[in-house]
Structures are given as C-alpha cells and as structure tokens.
Amino acid sequence: MNPRVTIYTGVNMRVDDDALERRDGVEMGIVTNARSLGVLTLAGLVALAGCSRGGAAESTGDEGDVTIRFSWWGNDERADITNAAVDAFEEATPGIVVETEFIDFNSYFDRIATATAGGDAPDVITMGGAYPREYGDRGALLDLAEVSQWLDLSVIDESALANGYFSQTQYGVPTGANTFGAILNTDVFAEAGVPLPDDESWTWQEYVDLAVQLSAATDADTYGAEDPTAADMLDAYLYQRTGQGLYTEEGALAAPAETVTDWFALTTELRVNGGSPSASLTSELSTQTAPEQSLLGQGRAAIGVGWSNSIGALRDASGDDIVLARLPGDTGEHGSGMWLQASQLYTVSSTTEHPEAAARLVDFLVSTTEAAEHIGTDRGIPSNPEIREFLAGEGLEENTQIEFDFIERVSGFVDGHFVIGPTGSTETALIVDRLNDQVLFEQLTPEQAGQQFVDDVTEAIS
C-alpha cells in the first residue's frame, strides 16, 4: 500500500456510491451518521465559521514543498487507483505533496465531522448528498470562486455542477454523475410475452397496469414491479407533477400534501392489484439494500426504479438483460423529473493553509486524462465531457457502456434543476420509509400519510 495513506480503521468495505446519491440530501445507509453530524457541527462548525484561512494562496516554488491532505471513503481497491492518480499529480506538479486518507463509508462522515469540529479538517474533502450544504452553510468549506485561477469549472457539465452549488456559492466539484430512472428486466418481459414500454410516452397509470399484467403472466414469486417508494422517487414524481421537487431554493419544503397523497394512492393501487409484492415482503426487502438482494437483482421483478450506477451489479447478480429507461410520466408538461446527480463531490476546507495546492489537485483529478487513466469510472461517469470522450475511446466493459450511453442520453434533456436539501433534510428518507411501512400495512391511509409527510419533514428542516 502506498506509504502516504492513512487508514482510519482496519475495516474497509466497498459501498456502491448510489447508496449516497440523493438529490433530496438523504444518504441511504448513513442516516444515523447524519444525525451525529448535526450534533457535532452545531457545537464545532458554527464556532469554526468564524475562523479564517491561513493566508493568501501560496507559491509552490522556492519555499519548499507544500503538503496537503486528501480524504475519501472506500476500500483498498479505491485507494490503489486514487494513489496512482495522486502520484501522477505529484509528478506533474512539483512542490506539492499529497497525503491521502480513507475510511469505510459507514464511518467516514462521523470522522470528517470530528476532524472539522476539532480544526483538523483535510484540505480536500470528498463529500456527497446534503453534506456539502451542511458544511458550507456553516462556513466550513471554501468558496471555489476564490481559487478559480487554478480550478477551471467551465469544463464540467452545468447540470452536474448544480450538485455543489447552493447559497449562491459553488462549494463542490462533481467527480462524476449518474441519474435516477427506471430499470427494466427485458428477460422477464420476454417471459411474460409483454412488450417493453415506450419510455418517451408511458404514464404512471400505464406503469401500474403494465406491472399488474406482468405479475399475472409470470411465476408466483415474480412481480411486475418492485415497490418504487423512496425519497428520490418522490422527488422526481413531485417535479413531474408540480415543476418543483421536494425543496425550494430557500430551503423550505415544496411538497404539497395532496401530491404526496397521490403517490401513496398509486403505490397502494399497485400493491392491491398484485403488481408489486405484499406489504410483508416489501418491508423485509427494505432492510436489504444491496442491489443483489433486491427483486431485480434476483431476477424476480420486471420493473424497478433506482440509480444508473447500480446497473452492473443488477445485471451481474441476476444474469439477466437489464436496461435503463426514463421514468414513467417523465415527458409531461413540467418536463423531466430526472436529473444528473453527482456520485461524489470534491470540496476544499475553508481552513486550508494551501488553497492553491488543494485547487490544483481537484482540477487535476476531474480534468486530466492522466488521472482518468487510473480512476476511470470508479467515482461515477465523469462530469467532464472531454474525459467521458477519452474513456469511451479507451473501450468500456458492457455494463459500464450501458450506463455511459444512458448518462449521455439523459444529459441531452435534463434542464439542470437541482436543489440540495436544507439542514435537517437528512431525515427525509427515514420519514418516507416509516410512512411507507404504515401505508403498506394499512395503518395510515394515503391521505393521512400525505399530510404526515408534510408535517414531519417541515419539523425536521425548520
């Protein structure tokens, strides 16, 4: 292992980045960490906001080497390719030494919160979900306009850049992107003798009817659709119906109770008519978040919703021909509810003593073929079109090519709308899951769940 690496813990696990990517700011699998972040940052980050950076951008010339720290989450495999890219950076940029640090995903944000509150934040910090806003709004991240001389953001897809822009400030640079869409198992469609939907026109009612038809035409343990309820899906559905996702730019809840009610009424119709599994099976599956544990991953569902970067795991686990499609209802009057989501974001600590060096590192990682040769698509389909073109020319394996082509397609029609969830929005996924369970088991009606959603999320973010 590269001697520069600091491993925070002996446990290093590979976690799919789709577990993090949520436009509404909720990170699947780390909601408890989100809570603890709030506790730590209220005490530490608010105080930290009054601190200033350690002077003007430095020269890397005659005064000796500058050393910066770069942190991310991942495993030994990611460490190997990241350190190879950092080696290339150090070779191309004499005078800057990079110390790299990584930890398993489940512990990462607790560690970053503790380090930041203690005044020991890494210079370049990998972020995702709502965390850039949690940190940026409390003064812990650098306004990247201050380092624009060394970090060229004009080469990044504008719709992807929106992931790191809030409070009229660009705080983060996307490492890569994926998108939330429909996932179709063409083998199950073929088994049922049902043609694939036209994803340029299908509606949500057609989706329900199609799922019921597929369930009836396949084995008893195969379903037309997985239960589609998730905070991400609700975000897209709201945009399709109202032209606004979960939150406003000002950080308030934008979801009308009646639209959330409509969603739960739709999923209830889907389940009652046999298009999706029973309440007990859906509830059981909700605790099994790995792609291979899902009905799609088991080859037992024809339609699902999820992130494009899960396509490889689903195809490998099921052995089936699984493809990506636009969401139902995505071509309505308000335009597409889909968006390009940053797989991860590179941010710079506001307390860095070496902003130039930090900016140069980020620029190198997202905008050079030398870095792309090592990192490839490990951190998502690159948000820099020139790097996408370079990787495509190098040849991609089949699963990556499917995702690559879909991202290219989506980038042609999404309009760049993107609102990072406000502080407290990391509770939204928990609220959606809890209310969905209560609707599934008929403890709440769709109308009651719609109003309860509005009440609970409003309280969480207020």
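In the block above lies the structure referred to throughout.
Residues numbered from 1 in each chain as written. Predicted model: local features only at pLDDT ≥ 70, side-chain atom pairs only at ≥ 80, totals over all residues. Heavy atoms only, no water.

J.: I tried to follow the overall build of the chain on my own but got confused; where do I start?
T.: If you tally the helices and strands in the chain, you get 17 helices and 13 strands. Taking all 462 residues of the chain together, 60% fall into the buried category. Residue pairs at least 24 apart in sequence account for 79% of intrachain contacts in the chain once pairs closer than 6 positions are excluded. Approximately 17,200 Å² of the chain is accessible, and the part contributed by carbon and sulfur atoms is 46%. (Helix = DSSP H or I, 4+ residues; strand = E, 2+ residues; numbered from the N terminus. Buried < 20%, exposed > 50% of the residue type's maximum accessible area, 1.4 Å probe, protein only. Contact = heavy atoms within 4.5 Å. Areas by Shrake-Rupley, 256 points an atom, 1.4 Å probe, with all protein chains shown as cover.)

J.: Quick question: what am I supposed to make of the environment of Thr229 here?
T.: In this fold, Thr229 is placed in the loop between strand E9 (223-225) and helix H8 (231-242). The spatial distance from the C-alpha of Thr229 to the C-alpha of Asn436 is 7.2 Å, given a sequence separation of 207 residues. Leaving out residues up to four positions away in the same chain, Thr229 has contacts with Trp263, Phe264, Thr267, Val432 and Asn436. At a separation of 3.2 Å, a polar atom in the side chain of Thr229 contacts the side chain of Trp263. (Polar contact = N/O pair within 3.5 Å; in protein donor to acceptor, adjacent residues only side chain to side chain.)

J.: Could you clarify how one ought to interpret unusual backbone geometry in this entry?
T.: With glycine set apart, most residues show a phi of negative sign, and most peptide bonds adopt trans. The backbone of Ser167 sits at a positive phi, close to 50°, despite the residue not being glycine. Tracing the chain through its elements places Ser167 in the loop between strand E5 (165-166) and strand E6 (169-170). When its relative accessible area of 32% is taken as the criterion, Ser167 is described as partly exposed. Positive phi, close to 60°, is recorded for Gln168, a residue that is not glycine.

J.: What should I look at first to understand the pattern of salt bridges in this one?
T.: Two side chains with opposite charge may pair up if their charged atoms get near one another. In the structure shown here, the tally under the stated rule is 17 salt bridges. When the shortest N-O distance is used, the salt bridge between Asp199 and Arg409 registers 2.9 Å. Here Arg409 lies in helix H15 (residues 398-411) and Asp199 lies in the loop between helix H6 (186-192) and helix H7 (204-216), a separation of 210 residues in the sequence. On the basis of relative accessible area, Asp199 is assigned to the buried category, the value being 12%. Across the pair Glu200 and Arg326 runs a salt bridge, and its minimum N-O distance is 3.2 Å. Of the two residues, Glu200 sits in the loop between H6 and H7 while Arg326 sits in the loop between strand E11 (322-325) and strand E12 (340-342), which places them 126 residues apart along the sequence. Under the relative-accessibility criterion, Glu200 is labelled partly exposed at 40%. On the basis of relative accessibility, which here comes to 7%, the residue Arg326 falls in the buried class. (Salt bridge = Lys/Arg side-chain N within 4 Å of Asp/Glu carboxyl O.)

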